[in-house]
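Below, each chain spelled out in residue letters.
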Amino acid sequence: FSICSLTQRRADVWSFRPKLATAREGSPESCGNAIQPSAPDRNGRPVQCCVRAAIDRRCCWHLQIVEEAGAAILKVYETDFEIETKSDESPLTQADLASHHVIVAGLQSLTPNIPIISEESAPPPFAERSQWPRYWLVDPLDGTKEFVNRNGEFTVNVALIDAHEPVFGVVGVP
């Protein structure tokens, strides 16, 4: 289990498998291979998310995406935002959509062959997605009700699912 600091509050990074099949530089697989428990800084906070993070920040691309999504959320948080209602009666804000767009754009640019299921987009039919060997599962703003209530208890969640099991993820607290 590894914990990684973000500039705002924190992000937890977890990995269940030590090595995925096809690793390449800067990919989730290569970084997943390198995840180690982080060494604490002077204040006892973890400072790196993978072995190479101190040398090459690009290894921590997943943290950059979650950090950018959190920043997009906080921009909306500071405004008088509107609240819409989704078909399941749950709230939807511009922050949900802004975070969704940041995460999807980031994941598509880094892993164009891995599909994405996000809470803020319509999922493909089950018959299609059940055949995917690997996909990203995203909740761009988990805790929209808490966001609306402005209590600070919301997160950004990104997980890599491989063979129908979670193998890697980041939970960021903006």
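Refer to the structure printed above.
In this report, the structure presented in the accompanying data block is examined. (Residues numbered from 1 in each chain as written. Predicted model: local features only at pLDDT ≥ 70, side-chain atom pairs only at ≥ 80, totals over all residues. Heavy atoms only, no water.)

1. Looking at the pairing of strand β8 (residues 165-173)
To be explicit about the condition: Following DSSP output, two strands are said to pair if at least two bridges run between them. Helix and strand labels come from DSSP, where a helix needs a run of H or I of at least four residues and a strand needs a run of E of at least two; each type is numbered from the N terminus.
Bridge analysis of strand β7 (residues 155-162) against β8 gives seven bridges, and the strand direction is antiparallel. Bridging from a neighbouring strand, Leu160 pairs with Phe168 of β8. Count of turn residues in the β7/β8 antiparallel hairpin: two residues, of which Ala163 carries a positive phi of about 55°.

2. Description of the nonpolar core
What counts, and what does not: Take the buried Ala, Val, Leu, Ile, Met, Phe, Trp, Tyr and Cys residues and link them wherever side-chain atoms come within 4.5 Å; each set so joined is a nonpolar core. Only protein chains enter the accessibility calculation, which uses a 1.4 Å probe; a residue whose area is less than 20% of its type maximum is buried, one above 50% is exposed, and one in between is partly exposed. By definition in these notes, contact holds between two residues if any of their heavy atoms fall within 4.5 Å.
Judged by nonpolar contacts, the single largest core of 27 residues is most densely connected at Ile103, Leu107, Trp136 and Phe147. Taken together, the elements giving at least two residues each to this core come down to α2 (61-77), α3 (94-110), β6 (134-142), β7 and β8. Per-element accounting of this core gives the leading share, nine residues, to α2. Those residues in contact with Phe147 that sit more than four places away from it in its chain are Ile73, Val76, Tyr77, Phe81, Thr93, Ala95, Leu141 and Phe154. Ranked by size, the runner-up nonpolar core spans five residues in total, among them Ile117, Tyr135, Ala159 and Ile161.

3. A few points about the pattern of salt bridges
Which entries qualify depends on this criterion: Only one rule defines a salt bridge in this text: a Lys or Arg side-chain nitrogen within 4 Å of an Asp or Glu carboxyl oxygen.
Within the structure shown, the criterion is met by three salt bridges. The partner of Glu119 in a salt bridge is Lys86, and the shortest N-O contact between them spans 3.1 Å. Residue Glu119 is found in the loop between β5 (116-118) and α4 (126-129), and its partner Lys86 is found in the loop between β3 (83-85) and β4 (91-93); the two are separated by 33 residues along the sequence. The salt bridge involving Glu120 is made with Lys86; its shortest N-O contact spans 3.5 Å. Of the two residues, Glu120 sits in the loop between β5 and α4 while Lys86 sits in the loop between β3 and β4, which places them 34 residues apart along the sequence. Exposure remark for Glu120: the relative accessible area of 13% places this residue in the buried category. Judged by relative accessible area, which is 16%, Lys86 ranks as buried. One salt-bridge network, in which partners are shared between bridges, spans Lys86, Glu119 and Glu120.

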